[in-house]
Amino acid sequence: MQEDLIKNYNVTKEEEQEYLAYHSYRDVLYNLKSGVQQIKDYDLNAYKNSILVCGAMAAFDKRVISFLNKWQSQQQNLFLLSEVTAQYRRYTKEYTNIPFICTPHLLAKEMVVLGMNIPITIKMWQLYKKKKYVKEAVKNFKKRHINIGKGYALVWGYYAYYYISKLIENLQPKKVILWNEFYAFHHIFQGICKERKIPLLYMEFGCLPGTICIEERGQQGESIVAREYKLFSKKEISDREIEKTKNVLRYLKETGMNRNIQPIKKMQNMLLQYYKAGRKTILYLGQNDYESGMYPYTYITKKFHSPIFRTSLDALQYLRLITIKNNWNLIYKPHPIMCALKQSESKITKNIDIITDVDINSAIDFSDLVITILSQGAYISLIRNKPVLMLGYTQLYGKDCTYEAFLKREIEEKIETALEKGFTIVQNHNFIKHTTQILKYYLYDDGVDRKLRFGKDIESNRGKFI
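Overview of the structure. It should be emphasised that the depicted structure is a prediction, and the values quoted were computed from it without experimental measurement. (Residues numbered from 1 in each chain as written. Predicted model: local features only at pLDDT ≥ 70, side-chain atom pairs only at ≥ 80, totals over all residues. Heavy atoms only, no water.)

## What about the overall build of the protein chain?
Which entries qualify depends on this criterion: Secondary structure elements are defined from DSSP: runs of H or I of at least 4 residues count as helices, runs of E of at least 2 residues count as strands, and each element is numbered from the N terminus. Radius of gyration: over C-alpha atoms. The globule rule applied is 2.2 Å multiplied by the number of residues raised to the 0.38 power. The cut-offs for exposure are 20% and 50% of the maximum accessible area for each residue type, with area from a 1.4 Å probe on protein chains only; residues under the lower value are buried, those over the upper are exposed, and the others partly exposed. Contacts: residue pairs with any heavy atoms within 4.5 Å of one another. Shrake-Rupley sampling with a 1.4 Å probe provides the accessible areas, and residues are treated as covered by the protein chains on show and by no other component. Two residue types count as positive, namely Lys and Arg, and two as negative, namely Asp and Glu; His and chain ends fall outside the count. Where a charge lies is defined by one atom per residue type: Lys uses NZ, Arg uses CZ, Asp uses CG and Glu uses CD.
Looking only at helices and strands, the protein chain features 19 helices and 13 strands. Computed over the C-alpha atoms, the radius of gyration of the protein chain is 23 Å, within 12% of the 23 Å expected from 2.2 N^0.38 for a compact globule of 466 residues. Across its three principal directions, the C-alpha atoms of the protein chain cover 65 × 50 × 40 Å. The 466 residues of the protein chain split such that 58% are buried. A sequence separation of at least 24 residues applies to 70% of the contacts in the protein chain between residues at least 6 apart. Of the roughly 21600 Å² that the protein chain leaves accessible, carbon and sulfur atoms contribute 48%. Put simply, the protein chain has 70 plus and 48 minus side-chain charges, and the middle of one group is 5 Å from the middle of the other.

## Some thoughts on the pairing of strand 8 (residues 329–333)
Formally: Here, strands pair whenever DSSP counts at least two bridges between them.
Within strand 8, 5 of the 5 residues are buried, which leaves the element mostly enclosed by the surrounding structure. Going residue by residue along strand 8, you find Asn329, Ile331 and Lys333 tucked away on one face and Leu330 and Tyr332 tucked away on the opposite face as well. In terms of strand pairing, strand 7 (residues 281–285) meets strand 8 through 5 bridges, oriented parallel. Its bridge partner being in strand 8, Leu285 is matched across the sheet by Lys333.

## So, the sheet that holds strand 11 (residues 388–390)
We apply this condition: Lines fitted to C-alpha atoms define the axes, with helix axes restricted to the stretch in contact, and inter-axis angles between N-to-C directions lie between 0 and 180 degrees.
As summarised here, the arrangement of the 6 strands in space is 9-8-7-10-11-12, forming an open sheet in which the pairing is parallel. A single partner strand is all that each edge strand has here, and the edge strands are strand 9 (353–354) and strand 12 (403–404). Taken strand by strand, helix 15 (residues 312–326) contacts strand 7, strand 8 and strand 10 (369–372), and its axis lies near 165 degrees from that of strand 8.

## Topic: the packing of aromatic side chains
Worth spelling out the cut-off: Pairs were defined over the aromatic rings of Phe, Tyr and Trp, the Trp ring being its six-membered one, requiring ring centres within 6.5 Å. Orientation was assigned from the angle between planes: stacked under 30 degrees, edge-to-face over 60, tilted for the rest. Each ring is checked for a lysine NZ or an arginine CZ that lies within 6 Å of its centre and within 35 degrees of its normal; such an atom marks a charge sitting over the ring.
Evaluation of the coordinates by the stated rule reveals 22 aromatic pairs. Judged by centre distance (4.6 Å) and plane angle (55 degrees), the rings of Tyr393 and Phe406 are tilted. With Tyr393 in the loop between strand 11 and strand 12 and Phe406 in the loop between strand 12 and helix 18 (411–421), the pair connects residues that are 13 residues apart, well separated along the chain. Pairwise contacts between aromatic rings join Tyr158, Tyr159, Tyr161 and Tyr162 into one cluster. The positively charged end of Lys235 is found above the aromatic ring belonging to Tyr441, 4.8 Å away from the centroid. The ring of Phe454 carries Arg450 above its face, with NZ or CZ at 4.1 Å from the centroid.

## What about the packing of helix 7 (residues 122–130) against helix 8 (residues 132–144)?
As a reminder of what qualifies: Each angle gets one of four labels, with under 35 degrees taken as roughly parallel, over 145 as roughly antiparallel, 65 to 115 as roughly perpendicular, and the rest as oblique. Side-chain classes are defined by residue name, with Ala, Val, Leu, Ile, Met, Phe, Trp, Tyr, Cys and Pro counting as nonpolar, Asp, Glu, Lys and Arg as charged, and the others, Gly among them, as polar.
Packing of helix 7 against helix 8 leaves a shortest axis separation of 5 Å and a crossing angle of 105 degrees. Judged on the interaxial angle alone, helix 8 and helix 7 are roughly perpendicular. Across from Tyr128, Lys129 and Lys130 in helix 7, the residues of helix 8 making contact are Lys132, Val134, Lys135, Val138 and Lys139. Taken together, the residues of the contact of helix 7 with helix 8 sort by class into 3 nonpolar, no polar and 5 charged.

## With respect to the pattern of salt bridges
Our working definition: When a carboxyl oxygen of Asp or Glu lies within 4 Å of a side-chain nitrogen of Lys or Arg, that pair is called a salt bridge.
Under the counting rule described, the total for this entry stands at 16 salt bridges. Between Lys109 and Glu291 there is a salt bridge, with the nearest N and O atoms lying 2.8 Å from each other. Here the residue Lys109 occupies a position in the loop between strand 3 (100–102) and helix 7, and Glu291 occupies one in the loop between strand 7 and helix 14 (299–304), the gap between them amounting to 182 residues. With relative accessibility at 22%, the residue Lys109 sits in the partly exposed group. In this structure Glu291 comes out as buried when scored by relative accessible area, which is 18%. Notably, a salt bridge pairs Arg196 with Glu169, separated by 3.7 Å at the nearest N-O pair. On the criterion of sequence distance, the pair formed by Arg196 in the loop between helix 10 (184–195) and strand 5 (200–205) and Glu169 in helix 9 (residues 152–171) is long-range, its members being 27 residues apart. Take Glu169: its relative accessible area is 40%, and that puts it in the partly exposed class. Salt bridges here are not isolated pairs; linked through shared partners, they connect Lys109, Glu110, Arg144 and Glu291.

## Concerning empty space enclosed by the protein
Defined as follows: Grid spacing is 1 Å over the protein atoms alone, the probe is 1.4 Å, and a cavity is where that probe fits but cannot get out, while a pocket is an open set with protein on both sides within 12 Å along at least five of seven lines and lining residues have an atom within 4 Å of a point. Grid points are joined across faces, edges and corners, and a volume is the space filled by probe spheres set on the points.
Within this structure, the stated rule accounts for 1 cavity of 30 Å³ or more. Estimates place the volume of the largest cavity at around 110 Å³. If you trace the largest cavity, you find 13 residues lining it, with Phe141, Arg144, His145, Tyr183 and Ala184 closest to the centre. Ranked by residue count, the leading element in the lining of the largest cavity is helix 8, at 3 residues. Residue classes in the lining of the largest cavity are distributed as 7 nonpolar, 2 polar and 4 charged.

Distances and angles like these do not, on their own, reveal function.
Spelled out as structure tokens, the structure:
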């Protein structure tokens, strides 16, 4: 993981050394302990009562930093915890106009020393047993990084807890914004904030390309769009706004716009091992189980996210059996984070074509039906007039623009119906209505240069989150 970062970016020798500095568990502990001590020593008095924004945006997408800069120019009260390391500290300083600090190296996003065993102390174990959210975060972290050493995840959770606690004590933010609530570090952040009654907001890329979402209740199935779906569906929109939405959807379809740059390779150029012409083709889109509320599978997961399946692969196995029975083609496009399948899972993927390095738009066009639990690829599918069967709760829940199956016994029948009826006129009408409502009331324009503007303007709504 560290080697990939070094290879892909211009890293100085000093920064490269930071990736390679861990020769024993004592080096790991030194980095984590130093980070906690450093946060104690910071003089943050000038930034108290700020809105604390937490995330690794400087590493994965600088347009989000531009969005925050625009917000800061209006609010002048943001403070950034940049969860990045080494060369990305330079990038944070270069691109952001927001006062910031960076996490210690081993609390930065995706930074982990693999194969390193670390002894656990009694205090670490006690915290793990006492704080449910720490235990859940540790389980998530351990599952996400399957090659970490014994004790590493629990030690990471212990120091993450104390680092966040000391930061909050020092900064005393009036609100905290987390980029993705489900990421293990943020799960601990959220737990601490709720204990201390610090108001929380959640931020992510919006469900439509070109947008960003900031919300209060939670994300995906926890969002107000999903929780209060009946009320949200009644929000007022005009005929003029509907016509504008039609132009937006046409623009998104024609450009193939996506939150991520898509590979050049098209679906029709893929060599499919099991595909048979003349059969109906189902495309199953997986999600990042570790950052979508799927793992660990809890009461909250079942209630707000995935009522049937515990993982992307659980659903894949079930769909595999159904498609074999009905002579349908099944193509699986895993989330990039989930691409590395273990050998023990080889039986699950038998008779399934797995695609990775391919343009998602062409994969959707190639298929007769798209199925997913939580992937926002469902929106891309609807934009491209393709029927969608949802197995989990997202902002699309209850909007009558997709097929829905939230009991296992319903899935096969719903697939048959979707393949027979396709994306109906009524579903299309409801999707246009839903898109109009989320663009008017829910999603922010990300500010990236493009021909057509859509979503709320952060400047016009700057007072909402003060």
